[in-house]
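Chain residues, written in single-letter form:
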Amino acid sequence: MNKISKKLSLARSFEKAHFSEIQRQERPGFHLSPAIGWLNDPNGFSFYKGEYHLFYQYNPYSTRWDAMHWGHWTSKDLLHWDYQEASLAPDEDYETGVFSGTAIADKDGSHLIMYTADYTKAPDYSTDLSGKNGIRRETQCIARGDGREYQKFEGNPVLSEKDLPEEFTIEDFRDPKLWIGKDGKYYAVTVARKKRDNLGAALLFSSENAVEWQYLDTIRENDGSFGGMWECPDFFFLEGRPVLSLSVMNMKNTSPLFRNGNCTVAFVGEEAEIELEQESMVDLIENSMKTAKPQALDLGFDFYAPQTMERDGRTIMVGWMQAPEAGGNAPENAKWYGQMSFPRELFFRGDRLCQRPIPEIQKLYKDRVELAIICEKEEKSFAELEGKLLDLSLKIYAPKPSFERKDIFQMKFAKQGEIYVLCTYDFVTGILTVDRSHAGRSASICEVRRIYVGSSEELSLRLLLDRFSFELFINDGEQALSGTLYELPAEAKGISFQGEGIHLKVEKHSLREIELGAL
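To keep things clear, this report deals only with the structure shown in the data block.

Each value, and the rule that gives it
Residues numbered from 1 in each chain as written. Predicted model: local features only at pLDDT ≥ 70, side-chain atom pairs only at ≥ 80, totals over all residues. Heavy atoms only, no water. Core = buried A, V, L, I, M, F, W, Y, C linked by side-chain atoms within 4.5 Å. Buried < 20%, exposed > 50% of the residue type's maximum accessible area, 1.4 Å probe, protein only. Helix = DSSP H or I, 4+ residues; strand = E, 2+ residues; numbered from the N terminus. Contact = heavy atoms within 4.5 Å. Pairing = 2+ DSSP bridges. Axes fitted to C-alpha atoms, helices over the stretch in contact; angles between N-to-C directions. 1 Å grid on protein atoms, 1.4 Å probe; cavity = no way out; pocket = protein on both sides within 12 Å on 5 of 7 lines; lining within 4 Å. Points joined across faces, edges and corners; volume = space filled by probe spheres on them. Nonpolar A, V, L, I, M, F, W, Y, C, P; charged D, E, K, R; others polar.

**Some words on the nonpolar core**
If you look at soluble globular proteins, the nonpolar side chains tend to sit buried side by side. Counting 70 residues, the largest nonpolar core has Phe 409, Phe 413, Leu 432, Leu 461 and Phe 497 as its most contacted members. Counting residues per element, this core draws most heavily on helix α2 (residues 278-290), which supplies five residues. Leaving out residues up to four positions away in the same chain, Phe 409 has contacts with Cys 375, Leu 394, Ile 396, Cys 423, Thr 424, Tyr 425, Phe 427, Leu 461, Phe 497, Gln 498, Ile 502 and Leu 504. Counting 46 residues, the second largest nonpolar core, distinct from the first, contains Leu 8, Trp 38, Tyr 58 and Met 309.

**Regarding the pairing of strand β17 (residues 304-311)**
Two faces make up the sheet, and in a regular strand the side chains alternate between them. Among the eight residues in β17, six count as buried, and that is most of the element. Between β17 and strand β18 (residues 314-320), which follow one another and run antiparallel, lie two residues, and Asp 312 among them has a positive phi close to 55 degrees.

**What about the side chain of Asp 175?**
Structurally, Asp 175 can be placed in strand β9 (residues 168-180). Note on Asp 175: relative accessible area 4%, which makes it buried.

**Re the sheet that holds strand β4 (residues 81-88)**
Sheet architecture is open: six strands sit in the order β19-β1-β2-β3-β4-β34, paired in mixed fashion. A strand with exactly one partner marks an edge of an open sheet, and here the two such strands are β19 (336-337) and β34 (516-517). In terms of strand pairing, strand β3 (residues 69-75) meets β4 through five bridges, oriented antiparallel. Among the inter-strand pairings, Thr 74 is bridged to a residue of β4, identified as Asp 82. Lying on the sheet, helix α1 (residues 6-19) is in contact with β2 (51-59), β3 and β4; it crosses β4 at an angle near 150 degrees.

**Comments concerning the layout of surface pockets**
In this approach a probe as big as a water molecule rolls over the atoms, and the regions it shows empty are the leftover space. In this structure, the largest pocket encloses a volume near 690 Å³. Elements supplying a minimum of two residues to the lining of the largest pocket: β1 (37-48), β5 (97-105), β9, β13 (230-238) and β17. Counting residues per element, the lining of the largest pocket draws most heavily on β17, which supplies five residues. Roughly 500 Å³ of internal volume is contained in the second largest pocket. Contributing to the lining of the second largest pocket are 27 residues, with Asn 40, Asp 41, Trp 65, Phe 99 and Glu 231 lying nearest its centre. Of all elements in the fold, only β1, β5, β6 (111-121), β9 and β13 reach the threshold of two or more residues within the lining of the second largest pocket. Here the residues of the lining of the second largest pocket sort into ten nonpolar, nine polar and eight charged.

See the structure below:
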């Protein structure tokens, strides 16, 4: 029988006591939110014992980040989810926070979790004014369970200073992505900060038993082109191509192909054959990552720390829909803060890593409206397209006169009077802009994103709109742009278009709420 610590028991008691205080209409319609309190990174996205498992960084006691726990959902279909009790709490001497990690169905039938144990002790300035007596130590640990209860390994941590090459600091060594290779060995990719320049790197480790680990190689180093420290690595093969995704801290790139701040970047390698021998696996990953080409995963306001899982030939991704730099901006009196993106299926179109909502979303469709529209010079609203929970697809075409006039397409959604989100596309410059500065938010946050889509007479957009967020997919998922919409009035449901002579084909589906099983 698993031993449940006092800290974990307290977290479970607290979330159960307060879960029912949040009414269904106060939560997103089809996106996941925490049981109570704060949510950030998705963790442990996996399939085990006939269920999808998705854990999350969790602070049940506040809508702000603090001592991290692991929250937990389960699902049979990736649509409808059950809240489970908190799975992990920072209840060991080596941790003050249970940070991000992954989970797999292990060979012995258990659900194996690998996570980062963060131990932080604030400086005591009364004894040392330099502040150098503070401690921060990040190590990798494992826990095993049956899909509900998890027991931490008595020999934790399994990766610590003794396993980390000298050139990296233990202060920033975290977020293991764990998998079992075709050779039967365990592999893990972590990130670590280099001592010499304080930039991030992705490190590869292997093990025969998930307990005793060996450093293999540094598969990608930041040369300063992609922010500072890296976080939350994910590594997977898609259509035979290795992909390393990273959450980049403090990106300074102002190119419209990337975005500044804290963002997500994928490094995509060439298609390669995966051999069984460890040396071949290491060589493959190392060589492919040296020449891997970067691309942004989501150019919007709020998308970070994505995780993938593979099932039935599909690679499914979920991300945290929040910019870390806006983490302290929960609306006043909020009972919860933080959402996950709707699950996305990844695929390649040529060399482009693309993403689209999983097709299971069609099971939420309530109705269908199709319109052919020729936009006018003045803004025009369409009552038949209104809604709060929507899957809206647009095919946009600028006939030659409109193109020569340099007309700009404009859409406003989540609209009520002067409250709205504005999306524009300039057919000549190829710039798509999303502006949420009129969406009613009281916090000071990033409000405008401009991305380069490419100049064309045609464009397709797909909008997933929920009560507190939107996800926009461009040209069938070649680019994505996500954002939160906290404090938006419930009545903000309008849709309008503008752009003289521009042709639209519109398909709208209203969505049902997903079912959420209570604690």
